[in-house]
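Architecture and fold: a report
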Amino acid sequence: MSRADLLAAWHDHLALGLRRSHHTVRAYDKAAERLLTRMGLSSWDAVAEITATRLRTHLASRRAEGLSNASAARELSALKGFIAFARTQAGHAVSDPPRLRGPRIKKGLPRPVTPDDAIGLADAVEALAAEDWIGARDRAVLLLLYGAGMRIAEALSLTGSALPLGERLTVSGKGGKQRVVPLLPIVCEAVADYAARCPYPMAKDDALFRGAKGGPLSQGMVQKATARARKVLGLPDSATPHALRHSFATHLLGAGADLRSLQELLGHASLGSTQIYTKVDAARLLDTYRSAHPREKD
């Protein structure tokens, strides 16, 4: 097997198997290509044998080229995935990648949108779509993100077996961890409207959300539709599909939801991931204080 064959298989795994975005696939392809080229590898067995020490050396050479902490962390994540994939392809009983901790990255606060802007985005993607059923589809996806706090990958992984939606839905999140999310009537109605308009049959094992040609809908198409809508609405670039999940969490916390319940709804493995939203809510409260307090207007 040639190096090109390895890269082609990795590309298909990312794009078709995991349905990662175009930008992610391109970055992960490049990371794998650099690794194979620098180490002179051309077989799954050779990639599968890469140790943490060899991987650390490779990343050190990348850092010497001026790679930032954030870029180094992304490259490490890509290469761990590539090595795990190689171990599976090579028939290893254990496919876990080498244990290697990436550089610390200072995380910025999530940037939610307002409730009106969240609904406005969902309505705008519908109005701007080239076809009615595509507009209904995009609106349904965005309402799942905002109304149920789902990740975009979770929404797009739903199959026809989810229909008809009820008051609750079981979704499979990161690491295959399942959780139950409650559904608002507006979300159920939007998905039902899309399903009724979709020109493709809703088989139980097929993807619920379809692309224009009938294949599974990609994250990139949802992101492009959202980008068009936010431009029309005059919203910042931070108003992305994932920002709707952040908005779901921030607005629930502001309405009095407790952190443990929010952790369950979001599918976070640790409470620390959920606690970031307390900082978001505190920052928003401070902004409100500064704009409303009479001493700030002097």
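Since we're looking at a predicted model, the values are computed, not measured.

Quick look at the overall build of the protein
Helices and strands together make up the secondary structure of the protein, namely 13 helices and two strands. In the protein, buried positions account for 41% of the 298 residues. For the protein, contacts bridging at least 24 residues in sequence account for 61% of all contacts bridging at least 6.

Looking at the nonpolar core
Formed by 44 residues in total, the largest nonpolar core has its most connected members in L144, M150, L169, L183 and F209. Those elements giving two or more residues to this core turn out to be α6 (115-128), α7 (132-148), α8 (152-156), β1 (168-172), α9 (185-197) and α10 (219-233). It is α7 that contributes the most residues to this core, 11 residues altogether. Excluding residues that lie within four positions of it along the chain, F209 makes contacts with R137, A140, V141, L144, A155, L156, L158, Y194, G215, P216 and L217. In terms of nonpolar packing, the next biggest core, distinct from the first, is built from 25 residues, A31, L55, L76 and L100 among them.

Thoughts on the layout of surface pockets
Taken as a whole, the second largest pocket encloses approximately 520 Å³ of empty space. Around the second largest pocket, the lining is made up of 27 residues, and of these L217, S218, G220, M221 and K224 lie nearest the centre. For the lining of the second largest pocket, the secondary-structure elements that each account for two or more residues are α2 (22-39), α7 and α10. Here the lining of the second largest pocket takes seven residues from α10, the largest share from any one element. The residue makeup of the lining of the second largest pocket, split by class, is 10 nonpolar, 10 polar and seven charged. Here the lining of the second largest pocket spans two domains, since at least three of its residues come from each of domain 1 (3-90) and domain 2 (117-287).

With respect to a nonpolar patch on the surface
On the surface, a cluster of nonpolar side chains totalling about 260 Å² of accessible area is made up of L128, V232 and L233. Summarising the element assignment, L128 is placed in helix α6.

Structural notes on α6
The first and last C-alpha atoms of α6 sit 20 Å apart over 14 residues, in line with the 20 Å expected at 1.5 Å per residue. Listed in full, the buried residues belonging to α6 are A118, G120, L121, A122, A124 and V125. Elements that come into contact with the buried residues of α6 comprise α7, α10 and α11 (241-254).

Things to note about the UniProt feature "active site" (unreviewed entry) in the protein
Under the present numbering, the feature "active site" (unreviewed entry) in UniProt falls on R151, K174, H242, R245, H268 and Y277. With respect to the secondary-structure elements, R151 resides in the loop between α7 and α8.

Considering the environment of L7
Here L7 is to be found in helix α1 (residues 3-17). On the basis of relative accessibility, which here comes to 18%, the residue L7 falls in the buried class. Sequence-wise, L7 and A32 are 25 residues apart; in three dimensions their C-alpha atoms are separated by 7.2 Å. In this structure L7 touches D29, A32, E33 and L36, once residues within four positions along its chain are discounted.

Cut-offs used in this document
- Residues numbered from 1 in each chain as written.
- Predicted model: local features only at pLDDT ≥ 70, side-chain atom pairs only at ≥ 80, totals over all residues.
- Heavy atoms only, no water.
- Helix = DSSP H or I, 4+ residues; strand = E, 2+ residues; numbered from the N terminus.
- Buried < 20%, exposed > 50% of the residue type's maximum accessible area, 1.4 Å probe, protein only.
- Contact = heavy atoms within 4.5 Å.
- Core = buried A, V, L, I, M, F, W, Y, C linked by side-chain atoms within 4.5 Å.
- 1 Å grid on protein atoms, 1.4 Å probe; cavity = no way out; pocket = protein on both sides within 12 Å on 5 of 7 lines; lining within 4 Å.
- Points joined across faces, edges and corners; volume = space filled by probe spheres on them.
- Nonpolar A, V, L, I, M, F, W, Y, C, P; charged D, E, K, R; others polar.
- Domains from an automatic or database assignment.
- Patch = residues over 30% accessible without salt bridge, like charges linked within 9 Å, V, L, I, M, F, W, Y side chains within 5 Å.
- Areas by Shrake-Rupley, 256 points an atom, 1.4 Å probe, with all protein chains shown as cover.
- Salt bridge = Lys/Arg side-chain N within 4 Å of Asp/Glu carboxyl O.
- Expected span 1.5 Å × (residues − 1).
- UniProt positions renumbered as here; feature names shortened; annotations may be inferred.

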